[in-house]
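# Close look at the chain arrangement
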Amino acid sequence: MEHEVIARCRSVAECTEEPGFTTRTFLSPPMHEVHQRLRAWMEQAGMSVRIDSAGNLRAAYSAAQPGAPPLFLGSHLDTVPHAGAFDGILGVVLAVALVEKLAGRRLKFSIEVVGFSEEEGVRFGVPFIGSRAFIGEEVADARVSDAIRAFGLDPTSIADARAAGNALGYLEFHIEQGPILESLDLPLGIAESIAGQSRLAVTFQGRQNHAGTTPMSLRRDALAAAAQWICAVEREAGATAGLVATVGRLEVEPGATNVIPGAARATLDVRHADDAVRCLAVERFLRSARQLAQWRGLSVSSEPLLDQPAVAMDAAFVAALEQAVTGSHYPLHRMTSGAGHDAMVVARRMPAALLFLRSPGGISHHPDENVLPEDVAAALTVGMHFLEQMEARLG
């Protein structure tokens, strides 16, 4: 079955906005084909399938008795630009495979597989649209509502995305997206917590002018200031253990070869497992930007895009996952996730746990992203043990 899981992930990777690459943003046209392919596998497994008004794909496998609480399994269906085949989608396909392994057996709880419509934040700059709607948070601003409507859904009915109030919890399978498990030669890892994130837009405003006639001493070059600040961010982040900071996007105006840049807008992504360390780092980075701008005779402004606190996974769910790993005769490793995941949002509403699969080469957010068949098999074995533990907990 592990080879089938991998083949299905690669099949979904064909659904893309860009031929030759896997790029699939929130409710973009190729998401229709994603839903169609997943629906076929879900219905084949005996699940009833719907799409809620946030664009989340929902597949329910009923319990032995009506009214039983649900256990949610899933991850996200969107991607970053030029993505790999496994980030997000692996968690959804693995969840469907677990239901298939039940072979029609009904449990004391229902299983609902959720393919979240958006996690990466690529289309509108703010992540977790799907999972925030799932826990009942407001997500439908004008842009999101327009996208939902264009996809053929009704944004005024977005409350139907909210999860049932009697849920047992949520379990997410995900590739690690880093090198730790591979360095330890381990197939799986349990996330104890997910690092907090700060995302900001930082804009340096200088003075646009002619590149040939303006002496170097009289320039107010916004791009030069941004470049100097980016290097300072890299240097300062490297001096703090566990801190990572990234400038992932830079927009320059007017963007002509013979014009001194008048404005440079950069994104800043800062992460750490300790929220106090993260917030202090953001303050240092912004203070550095102000000092550089003052020295160069520019102005600088910042706009917060996301402030996501660090999130601990549910202790009881983590313990159950530990038992599932050791009971499956795999080595146990606990870790912190540096990447954000839907589990960190869902944890605000219900118990949540996150199981990592090794990422060969530590590569993710890249076309070379991969997963090993033996690790997928390990995740399926652990997943089945986890379901048995949930069954036992219900008596």
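Residues numbered from 1 in each chain as written. Predicted model: local features only at pLDDT ≥ 70, side-chain atom pairs only at ≥ 80, totals over all residues. Heavy atoms only, no water.

### Quick look at the overall build of the protein chain
Regarding its fold elements, the protein chain presents 11 helices and 16 strands. For 395 residues, the compact-globule formula gives about 21 Å, and the C-alpha radius of gyration of the protein chain, at 23 Å, lands near that figure. Summarising its shape, the C-alpha atoms of the protein chain cover approximately 80 × 45 × 35 Å along the three principal directions. Counting the 395 residues in the protein chain, one finds 54% classified as buried. For the protein chain, the share of sequence-separated contacts (at least 6 apart) that also reach a separation of at least 24 residues comes to 78%. A total of about 16,200 Å² of accessible surface is found on the protein chain, and carbon and sulfur atoms cover 52% of it. (Helix = DSSP H or I, 4+ residues; strand = E, 2+ residues; numbered from the N terminus. Rg over C-alpha atoms; globule rule 2.2 N^0.38 Å. Buried < 20%, exposed > 50% of the residue type's maximum accessible area, 1.4 Å probe, protein only. Contact = heavy atoms within 4.5 Å. Areas by Shrake-Rupley, 256 points an atom, 1.4 Å probe, with all protein chains shown as cover.)

### Considering empty space enclosed by the protein
If you roll a probe as big as a water molecule over the atoms, it shows you where there is empty space left. Inspection of every chain in the model, using the stated rule, returns one cavity of 30 Å³ or more. Taken as a whole, the largest cavity holds about 30 Å³ of empty space. The wall of the largest cavity is formed by Cys9, Val12, Ala13, Thr22, Arg24, Thr79, Gly84, Ala85, Phe86, Asp87 and Ile89. Each residue belonging to the lining of the largest cavity can be placed in one class, and the counts come to six nonpolar, three polar and two charged. (1 Å grid on protein atoms, 1.4 Å probe; cavity = no way out; pocket = protein on both sides within 12 Å on 5 of 7 lines; lining within 4 Å. Points joined across faces, edges and corners; volume = space filled by probe spheres on them. Nonpolar A, V, L, I, M, F, W, Y, C, P; charged D, E, K, R; others polar.)

### What to know about the pattern of salt bridges
Inspection of every chain in the model, using the stated rule, returns 21 salt bridges. The shortest N-O distance in the salt bridge between Glu192 and Arg334 comes to 2.8 Å. Of the two residues, Glu192 is situated in strand β6 (residues 188–194) and Arg334 in strand β15 (residues 334–337); the sequence distance between them amounts to 142 residues. Given the relative accessible area of 33%, Glu192 is considered partly exposed. Arg265 serves as the salt-bridge partner of Glu303, at 3.6 Å between the closest nitrogen and oxygen. Within this pair, whereas Glu303 is found in strand β13 (residues 299–308), its partner Arg265 is found in strand β12 (residues 263–272), the two being separated by 38 residues in sequence. (Salt bridge = Lys/Arg side-chain N within 4 Å of Asp/Glu carboxyl O.)

### A few points about helix α3 (residues 89–102)
Its 14 residues place the ends of α3 21 Å apart at the C-alpha level, agreeing with the 20 Å of an ideal helix rising 1.5 Å per residue. Of all 14 residues making up α3, 13 are buried, and the element is well covered by its neighbours. (Expected span 1.5 Å × (residues − 1).)

### Points about the nonpolar core
Leu38, Met42, Ile111 and Val113 are the most contacted members of the largest nonpolar core, which has 100 residues in total. Examining the composition of this core, we find that 11 residues originate from one element, α3, more than from any other. The next biggest cluster of nonpolar side chains, apart from the first, holds 23 residues, and it includes Ala225, Val233, Val270 and Ala293. (Core = buried A, V, L, I, M, F, W, Y, C linked by side-chain atoms within 4.5 Å.)

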